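# Summary of structural features
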Amino acid sequence: MTNKDIILHELTSDEISAGKPFAHFGWEGGKEFSFMCISDGYWESAKIILITMINDSGNFALVDSLIYPLFFNYRHSVETILKALYFSYGNQTEEARQNFLKVGHNLENLWGILRPFLIKGVNHVGSEVDLTTIEHYIKSINACIFNASRPLSIISPHTTKSLGPLSSNQPFSFKAL
């Protein structure tokens, strides 16, 4: 490693034509679509990490190191989906949106601002979405603080209520012991 290393670089047209793997940053633009894409990316990467942890659950060094990226990927996915929902269903001015973003990363604070807009939508269309359950998950995730005296365990698939699907038939969860 040196201070001359190139960490990221823009691909040339020859590299793109040759099929060199690459990713585009910022292609999704701004506003809610951007937040949805970012949320999906964090969610999908968390699922990949969780599958690795389940498949290699006897490797405690690996599992202990991956619990942090797992949790923070799921947590950031939730944060960005809350922002996407606010931008999608809030009908606010651009100034209100910017003020919402200034709330920061506290999930409960973001949820507290978003929830009234979702309640209106649920009541308007007669949705069966359980906002109380969603709030429970948001508060649980927001309150979770990791330290050495609070070990975490991955719950084996098919043993507990799912936070979301790994695949169509494999739920997952994690909890503090």
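Residues numbered from 1 in each chain as written. Predicted model: local features only at pLDDT ≥ 70, side-chain atom pairs only at ≥ 80, totals over all residues. Heavy atoms only, no water.

## With respect to the packing of aromatic side chains
Cut-off, in case you're wondering: Each Phe, Tyr or Trp ring (for Trp, its six-membered ring) is paired with any other whose centre lies within 6.5 Å, and the angle between the two planes then decides the class: stacked below 30 degrees, edge-to-face above 60, tilted in between. Each helix corresponds to a stretch of at least 4 residues labelled H or I by DSSP, and each strand to a stretch of at least 2 residues labelled E; elements are numbered beginning at the N terminus. With a 1.4 Å probe rolled over the protein chains alone, any residue whose accessible area is under 20% of its type maximum counts as buried; one over 50% counts as exposed, and the rest are partly exposed.
Taken as a whole and assessed by the stated rule, the structure comprises six aromatic pairs. Judged by centre distance (4.7 Å) and plane angle (70°), the ring pair of Trp 43 and Tyr 74 falls under edge-to-face. One end of the pair, Trp 43, is in helix H2 (residues 31-55); the other, Tyr 74, is in helix H3 (residues 60-89), with 31 residues separating them in the sequence. Residue class for Tyr 74 comes out buried when judged on its relative accessible area of 3%. Their ring planes at 10° and their centres at 3.8 Å tell us that Tyr 86 and Phe 100 sit as a pair that is stacked. One end of the pair, Tyr 86, is in helix H3; the other, Phe 100, is in helix H4 (residues 94-102), with 14 residues separating them in the sequence. Given the relative accessible area of 5%, Tyr 86 is considered buried. By relative accessible area, Phe 100 is classed as buried at 2%. Ring-pair connections join several aromatic residues into one group, and the members of that group are Phe 35, Tyr 86, Phe 87, Phe 100 and Phe 117.

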